[in-house]
Amino acid sequence: MTPAPTPAHGEDKMSHGSHPARFDDAPHGEVEIPEYFENPGHPPHVLRWSDVDPAAARRAERQVAFLFLLSILGTLGFIVAYFWMDQEATGVIPGIGTQKLYHFTLGLTMAVSLLGIGFGVVHWAKTLMDDEEVTEERHVLEADGETRRAFADTVAEGLESSQIMRRPLIKWTLGGALGLFALPLGIQLVGSMGPLPRNDLAVTMWKKGTRLVTDPDGLPVKAADVTLGSVFHIMPEGVMEAEYPLNEKAKASVLVMRLNPSDIKSEKQREWGYEGIVAYSKVCTHVGCPVALYEQQTHHLLCPCHQSTFDVTDDCKVIFGPAKRPLPQLKIAVDDEGYLTALGDFSEPVGPSYWEREL
Ligand code: FES
């Protein structure tokens, strides 16, 4: 049996007349001729009010512009709320309950901003853009030069048929709405990154004469208590009782270890410690996790977050991991009663790197 002939490229299988299509060159009797459905054609075209009434078109234009203006107001409202609204104020919102008004207002203004653009464009397309019905023949989809030129022509025609060039009111309000709409994204990106550390990490609660006490018991530590291989988690004396903010306590936390003085490689490290006892900030210089794992055989301190490893015998320099700076050392001494005390604050900011750190 001879296979049924395939329609040539571009040939429409649907009949465009009232009779079903046939492959005329197919020898009757040898092939089974398929039955095709009739092309129902397009329903009659219905003109819109704005197509026949210039006043209706102008009214539609004003409605579109109003929606874009609404979007602009939503965006401006967002900016005002973001910077000037009380972030803690609460209120009862019908159907929702008690909410923080700040977040509710940000969401509401952002919604108005988006919906204004969305509704405006839809209304514009439905009332003013050309309403022609177009029949497109099937063709091979390939991006040859002719297709690209046709696409460019289509874009130009679209611009023309959207009437944007002839309706400056829409052009400028849409431009304003779209231009301003990008602002909250940028503002949120920059404004929501959190405060800069400024001097916060450069000053801790350590002062000259402050005793080193255990965390969390608050017991002062005598030099004689720190034996070889032991490690103490330390805070400044008084911090445990007082109502200090948590971040103040966190950045003052220190680790104290005793090394064999002959193992210490750096002269500065030896001088800043006491008979082999050294104190280092516990705040990792990568992103600030507590460095809490001490390996007494190797004298390595390990940060559990991303495995930065510091060599306690060599000024707590980084020997592995993403941290870039050694842990800052706290200068210590011993008071008249034999207790370990600080000789002052750290000489450099504790914790992670940040832009103005070197300043
Ligand atoms: S925070 Fe310590 S290694 Fe990342």
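Residues numbered from 1 in each chain as written. Predicted model: local features only at pLDDT ≥ 70, side-chain atom pairs only at ≥ 80, totals over all residues. Heavy atoms only, no water.

The protein goes by Cytochrome bc1 complex Rieske iron-sulfur subunit in an unreviewed UniProt entry, where it is assigned to Kytococcus aerolatus. Heading Subcellular location (unreviewed entry) of the UniProt record for the protein holds this comment: "Cell membrane". Listed under Sequence similarities (unreviewed entry) in UniProt, the entry text for the protein is "Belongs to the Rieske iron-sulfur protein family." (UniProt positions renumbered as here; feature names shortened; annotations may be inferred.)

Chemist: Give a description of the overall build of the protein that names residues and reports values.
Modeler: Helix and strand counts for the protein stand at seven helices and 13 strands. Buried positions account for 35% of the 359 residues belonging to the protein. For the protein, the proportion of contacts with a sequence separation of at least 24, taken over those separated by at least 6, is 59%. (Helix = DSSP H or I, 4+ residues; strand = E, 2+ residues; numbered from the N terminus. Buried < 20%, exposed > 50% of the residue type's maximum accessible area, 1.4 Å probe, protein only. Contact = heavy atoms within 4.5 Å.)

Chemist: Account for the sheet that holds strand 4 (residues 231-236), with residues named and values stated.
Modeler: Taking strand neighbours across the sheet as the criterion, the seven strands line up as 11-6-5-4-3-13-12 in an open arrangement whose pairing is antiparallel. What marks the edges here is a single partner per strand, and that holds for strand 11 (329-330) and strand 12 (332-334). Sheet analysis places strand 12 next to strand 13 (residues 340-343), joined by three bridges and oriented antiparallel. Within strand 13, the residue paired with valine 334 across the bridge is leucine 340. (Pairing = 2+ DSSP bridges.)

Chemist: Describe the packing of aromatic side chains, and please don't skip the residues or the numbers.
Modeler: The final tally for this structure, using the stated rule, is four aromatic pairs. Between phenylalanine 68 and tryptophan 124 the ring centres are 6.5 Å apart and the planes differ by 85°, which places this aromatic pair in the edge-to-face class. Here phenylalanine 68, found in helix 2 (residues 54-84), pairs with tryptophan 124, found in helix 3 (residues 101-127); they are 56 residues apart in sequence, far enough to count as distant. As far as the burial class goes, phenylalanine 68 and tryptophan 124 line up, both buried. (Phe/Tyr/Trp six-rings, centres within 6.5 Å; stacked < 30°, edge-to-face > 60°.)

Chemist: So what about the packing of helix 2 against helix 5 (residues 168-191)? Which residues, and what values?
Modeler: Packing of helix 2 against helix 5 leaves a shortest axis separation of 9 Å and a crossing angle of 20°. Taken together, helix 2 and helix 5 sit at an angle that is classed as roughly parallel. Once helix 2 is placed against helix 5, the crossing between them reads as left-handed. Grouping the amino acids of the contact of helix 2 with helix 5 by side-chain chemistry returns 19 nonpolar, six polar and one charged. (Axes fitted to C-alpha atoms, helices over the stretch in contact; angles between N-to-C directions. Parallel < 35°, antiparallel > 145°, perpendicular 65-115°, else oblique. Left-handed = near helix turned anticlockwise from the far one by under 90°. Nonpolar A, V, L, I, M, F, W, Y, C, P; charged D, E, K, R; others polar.)

Chemist: Give me the lowdown on the confidence of the model for the protein, citing residues and values where you can.
Modeler: Low-confidence regions, as indicated by low pLDDT, have predicted coordinates that should not be scrutinised in detail. Looking at the protein as a whole, the pLDDT averages 85, with 88% of positions reaching at least 70. Contacts for the low-pLDDT stretch residues 1-29, under 50 throughout, to residues beyond four places or in other chains number 31 contacts. (pLDDT = per-residue confidence, 0-100.)

Chemist: Quick rundown of helix 4 (residues 145-162)? Include the residues and the values.
Modeler: Its 18 residues place the ends of helix 4 25 Å apart at the C-alpha level, agreeing with the 26 Å of an ideal helix rising 1.5 Å per residue. Following helix 4 by one or two positions, glutamine 163 adopts a phi angle in the positive range, close to 70°. (Expected span 1.5 Å × (residues − 1).)

Chemist: Describe in detail the pairing of strand 5 (residues 254-258), supporting the description with residues and values.
Modeler: With five of five residues buried, strand 5 lies mostly within the body of the structure. The alternating pattern of strand 5 places Val254, Val256 and Arg258 on one face and Leu255 and Met257 on the opposite face, and all of these are buried. Summarising the sheet, strand 4 and strand 5 pair through four bridges and their orientation is antiparallel. Bridging across to strand 5, phenylalanine 232 finds its partner in valine 256.

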